[in-house]
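Structure assessment
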Amino acid sequence: NEKLGKKLFITGKGRCNITNTCDDETFFKSVVTNSKFLYSAFYGYSNQDVVSFFESLGLAVKEERGGRIFPVSDHSSDVIRVLEKRMKEFDVKIHLKSEAEAVLTEEDEAGGHKIKGIRLKNGAEIFGDKVIIATGGFSYQATGSTGDGYTFAKETGHTVTQLRPALVPIVTKEEYVTQMQGLALKNIEALARGETPGGDKSKPKGTYGCTPRAGFTAYKIYDDAGCKCSKWPNYYPASEVCTCSNY
């Protein structure tokens, strides 16, 4: 990207939803599959740790409905600013407009492969003791999330499952959505209805999802209603999304 924090800049409608104050159990219930994978991450660095970190950098934060944490200024640029300042304090070298092309590996003593750095598209190689792949997914390519992380994972021996969209607007077949184009509603309940296939006991049968807002464009439901329910049809194909009603 040509600037730092391009994805952070647009999160929370430009306000940057930093974290949430809900307890760990609520966090895990929000993960569609394999929430146990995140246990060590959540317990090793909690949401309160995140809040304390940003406050220690001088960023004032506030809590809004649903436990959402935002900067008091309501500007995501302030979050990016304090992170950039922190990186400079640690003399982090930033390479803008530098696309990573491959992860570099070498054979270790056990005959396996050890990651030693990355190669950029311009041919330059950057070496380090550790390589952290934080490329994002594949749903908003304009921010730099072009799916490269999946390629890097495959090249280093990991198995990548079928890619499924989540946290994206829902394209609908119902004509009434087109008639509601431009409408933004509050206090809306969004439901994905269906039964869990394969006898999955981890998710109850019935309805899933609840959200405070819904917006409509031509053939799309977006905002919280669309984004929060978009994950369900991928894992429960028989689900019927999305029913909206005031509550």
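Keep in mind the model is a prediction, meaning the values are calculated, not measured.

Some words on the pairing of strand β2 (residues 61-64)
Alignment of β2 against strand β3 (residues 68-71), held across 4 bridges, turns out to be antiparallel. Within β3, the residue paired with Lys-62 across the bridge is Phe-70.

Quick notes on the sheet that holds β2
Taken together, 3 strands build an open sheet; the order of strands is β1-β3-β2 and the sheet is antiparallel. Only two strands of the sheet have a single partner each, and these edge strands are β1 (19-20) and β2.

Here's the deal with helix α4 (residues 47-56)
Burial in α4 covers these residues: Asn-47, Val-50, Val-51 and Phe-54. Within α4, the buried residues cover an arc of 95° as seen down the axis, which keeps them to one side. Looking at the buried side of α4, the elements it contacts are β1, α2 (24-29), β2, β3 and α5 (76-89). Immediately downstream of α4, the backbone of Gly-58 shows phi near 95°, a positive value.

Some points on the layout of surface pockets
Here the second largest pocket defines a volume of roughly 1,900 Å³. Every residue lining the second largest pocket is counted, 41 residues in all, and those nearest its centre are His-95, Ser-98, Ile-132, Ala-134 and Thr-135. Take the lining of the second largest pocket: its biggest share by element is 4 residues, from α5. Considered class by class, the residues forming the lining of the second largest pocket number 19 nonpolar, 12 polar and 10 charged.

Some remarks on the sheet that holds strand β6 (residues 125-127)
The 3 strands are arranged β4-β5-β6 in an open sheet whose pairing can be described as antiparallel. Looking at the sheet topology across the chains shown, the edges are occupied by β4 (100-107) and β6. Direction aside, neighbouring strands of the sheet carry axes that sit 35° apart on average. Of the pairings in the sheet, the one linking β4 to strand β5 (residues 113-120) comprises 7 bridges and is antiparallel in character. Looking at the pairing, Thr-105 lines up with Ile-115 of β5.

Things to note about the nonpolar core
If you look at the biggest cluster of nonpolar residues, it comprises 11 residues: Cys-16, Ile-18, Val-50, Val-51, Phe-54, Leu-57, Leu-59, Val-61, Ile-69, Val-79 and Val-82. Mapped by element, the contributors of at least two residues to this core are α4 and α5. For this core, the element with the highest residue contribution is α4, accounting for 3 residues. Apart from the residues within four sequence positions on either side, Ile-18 is in contact with Val-50, Phe-54, Leu-59, Val-61, Ile-69, Phe-70, Pro-71 and Val-79.

Description of unusual backbone geometry
The backbone of Lys-13 sits at a positive phi, close to 55°, despite the residue not being glycine. Structurally, the position occupied by Lys-13 is in the loop between α1 (6-10) and β1. By relative accessible area, which is 62% here, Lys-13 ends up exposed. In the Ramachandran plot, Cys-16 falls in the positive-phi region, its phi being about 70° despite a non-glycine side chain. Inspection of the secondary structure assignment puts Cys-16 in the loop between α1 and β1. When its relative accessible area of 4% is taken as the criterion, Cys-16 is described as buried.

Conventions adopted
- Residues numbered from 1 in each chain as written.
- Predicted model: local features only at pLDDT ≥ 70, side-chain atom pairs only at ≥ 80, totals over all residues.
- Heavy atoms only, no water.
- Pairing = 2+ DSSP bridges.
- Helix = DSSP H or I, 4+ residues; strand = E, 2+ residues; numbered from the N terminus.
- Buried < 20%, exposed > 50% of the residue type's maximum accessible area, 1.4 Å probe, protein only.
- Arc of directions from axis to C-beta.
- Contact = heavy atoms within 4.5 Å.
- 1 Å grid on protein atoms, 1.4 Å probe; cavity = no way out; pocket = protein on both sides within 12 Å on 5 of 7 lines; lining within 4 Å.
- Points joined across faces, edges and corners; volume = space filled by probe spheres on them.
- Nonpolar A, V, L, I, M, F, W, Y, C, P; charged D, E, K, R; others polar.
- Axes fitted to C-alpha atoms, helices over the stretch in contact; angles between N-to-C directions.
- Core = buried A, V, L, I, M, F, W, Y, C linked by side-chain atoms within 4.5 Å.

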